[in-house]
Amino acid sequence: MASEGMAGVLAAVLAGQGLRVQSCDSAPAGEPPAPVRLRKNVCYVVLAVFLSEQDEVLLVQEAKRECRGSWYLPAGRMEPGESIVEALQREVKEEAGLHCEPETLLSVEERGPSWVRFVFLARPTGGILKTSKEADAESLQAAWYPRTSLPTPLRAHDILHLVELAAQYRQQARHPLILPQELPCDLVCQRLVATFTSAQTVWVLVGTVGMPHLPVTACGLAPSEQRGGMKMAVLRLLQECLTLHHLVVEIKGLLGLQHLGRDHTDGICLNVLVTVAFRSPGIQDEPPKVRGENFIWWKVTEEGLQSQLLQRLQGSSVVPVNR
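Treat the numbers as computed from the prediction; the structure is a model and nothing was measured.

J.: So what exactly am I meant to see when it comes to the state of the cysteines here?
T.: Here a disulfide denotes a covalent bond joining the sulfur atom of one cysteine to the sulfur atom of another. Taken as a whole and judged by the stated rule, the model has zero disulfides. Free of any disulfide, Cys100 has its nearest cysteine sulfur in Cys43, 19 Å distant. In this structure Cys185 is not part of a disulfide, and its nearest cysteine sulfur, from Cys189, lies 3.5 Å away. The exposure class of Cys185 is buried, given its relative accessible area of 6%.

Listed below in C-alpha cells is the structure:
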C-alpha cells in the first residue's frame, strides 16, 4: 500500500478538507441506495447561533401560527439547489434581517439519515436588524438578549444547549474551525477514520478495493436504519470486516462535512472519527483481525500525523453528532 498517499488523505481529512466520494464500501442490503433529493426523501435544517461581545444572543420571534410569538434561534429548512452556507445566510436574512458568515460548524443533529440539522456559530457582517414593523411570514422581529436572560416563551428548549455550546466554544475551542466543503455527493454517507490505538501507536482502517482509501459507508433510508440513526451505517461496515462482539466501537464525532447542492446533488458526506477497542483492554497490542480482503489496518508511522490524530482522539476534538 502507498503509505505516502494514505498519509496525505488522512492529513486532508484531519484538516477538515473534503475528498470526492468515488464509491461506497458498504451499502444497505437489497437495492442500491437511490440518490437523495431534498423535499423528497431527505430534509436538511440549518441553524445559527450568534453571540455578541456583550454575551448577547440573537433570537427571532416566530410568525408561524402554531408557535406565533415564541422565540427561537434563526433556523430553517434548506431548499433544493442551495449549499449549506447559502441556506444559512438566506434564513438569517429572512428571519433576522442580517447578512452573516458562518465561523464554524458547532454540532450536527440527526433523526436518522433523512433528517439532519447543521448548527453553526456565525457572525453578522451587515444588514439591519428586523423590527416589528418588518414583520412578515418569516418572523415577527429579531432582537439581542443576554445569554443568561433569554425571553419567554421559547419555541423549544433544545436551543439552550446550543447556546451554551457556542459560549463554551468561544471560551475554549475544542475543535478547529470546520466549514462545509463544496463537493458533490449523491447519497447520505460517512467516511470513516476508524482507529485502533495501543500505547502511542495508531492504526487506521483502510479500504483496499481500487486505490487505498478511507472507507465510505452509505446510509440507508429504510425504517430500520432511520430508527437506529446514522451510526447504523458505521456499525454495518465494521461488522462486514471485523468481529464486533468482543470489540467496543465509539463514534467520537465529525472531522468535516461535504455537500454541494447544485446540479441535483443533494447528498452529504460526513467525515467521522471512530475508535475501535477490545472489551478486555490490555490483552492486545495489535488491532483486531480483519475478515476478507477488502480492508486492512494501516499503521500511522509519520510522527506529526500520529501526534495530531492522538490529540484529536484524546481531546475529543471533533464536532459532536447528537441524536
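J.: I'm lost on the side chain of Glu109 in this one. Help?
T.: Among the structural elements, Glu109 can be located in strand β5 (residues 98–110). Engagement of the side chain of Glu109 in a polar contact is seen with the side chain of Arg117, the distance being 2.5 Å. Residues in contact with Glu109, not counting those within four places in the same chain, are Trp115, Val116, Arg117, Val119, Leu162 and Asn322.

J.: What's the story with helix α6 (residues 303–314) in this structure? I'm lost.
T.: It helps to recall that an α-helix has 3.6 residues per turn; residues three or four apart then point in one direction. With twelve residues, α6 should reach 16 Å at 1.5 Å per residue; the first-to-last C-alpha distance of 16 Å fits that figure. Of all the residues in α6, the buried ones are Leu305, Gln306, Leu309, Leu310, Arg312 and Leu313. Burial along α6 is one-sided: seen end-on, the buried residues are contained in an arc of 160 degrees. Away from the buried face of α6 by more than 90 degrees, exposed residues Glu303 and Gln314 are located. Downstream of α6 by one or two residues, Ser316 has phi in the positive range, about 45 degrees.

J.: I'm lost on the nonpolar core in this one. Help?
T.: The nonpolar side chains of a soluble globular protein tend to be buried, and buried together. With 53 residues, the main nonpolar core has Tyr44, Leu105, Phe118, Leu205, Leu238 and Leu242 as its most contacted residues. It is strand β12 (residues 268–278) that provides the largest number of residues to this core, a total of six residues. Counting only domains with at least three residues in this core, you end up with domain 1 (43–171) and domain 2 (178–313). When residues no more than four places from it in sequence are discounted, the contact partners of Leu205 are Ala194, Leu214, Pro215, Leu237, Leu238, Cys241, Val290, Phe295, Ile296 and Trp297. In terms of nonpolar packing, the next biggest core, distinct from the first, is built from 22 residues, Leu47, Ala75, Leu121 and Ala143 among them.

J.: Would you mind going over the domain arrangement of the chain with me for this structure?
T.: Accessible area lost upon the coming together of the parts is a frequently used measure of interface size. Looking at the chain, the domain boundaries give domain 1 (43–171) and domain 2 (178–313). Between domain 1 and domain 2, the C-alpha centre-to-centre distance is 31 Å. With 20 residues of domain 1 at the interface, the matching set in domain 2 holds 21 residues. Taken over both partners, the interface formed by domain 1 and domain 2 buries close to 1,600 Å², and the fraction arising from carbon and sulfur atoms is 67%. The interface formed by domain 1 and domain 2 includes zero salt bridges.

Definitions and limits used
Residues numbered from 1 in each chain as written. Predicted model: local features only at pLDDT ≥ 70, side-chain atom pairs only at ≥ 80, totals over all residues. Heavy atoms only, no water. Disulfide = S-S within 2.5 Å. Buried < 20%, exposed > 50% of the residue type's maximum accessible area, 1.4 Å probe, protein only. Helix = DSSP H or I, 4+ residues; strand = E, 2+ residues; numbered from the N terminus. Polar contact = N/O pair within 3.5 Å; in protein donor to acceptor, adjacent residues only side chain to side chain. Contact = heavy atoms within 4.5 Å. Expected span 1.5 Å × (residues − 1). Arc of directions from axis to C-beta. Core = buried A, V, L, I, M, F, W, Y, C linked by side-chain atoms within 4.5 Å. Domains from an automatic or database assignment. Buried area = accessible area lost by both parts, 1.4 Å probe. Salt bridge = Lys/Arg side-chain N within 4 Å of Asp/Glu carboxyl O.

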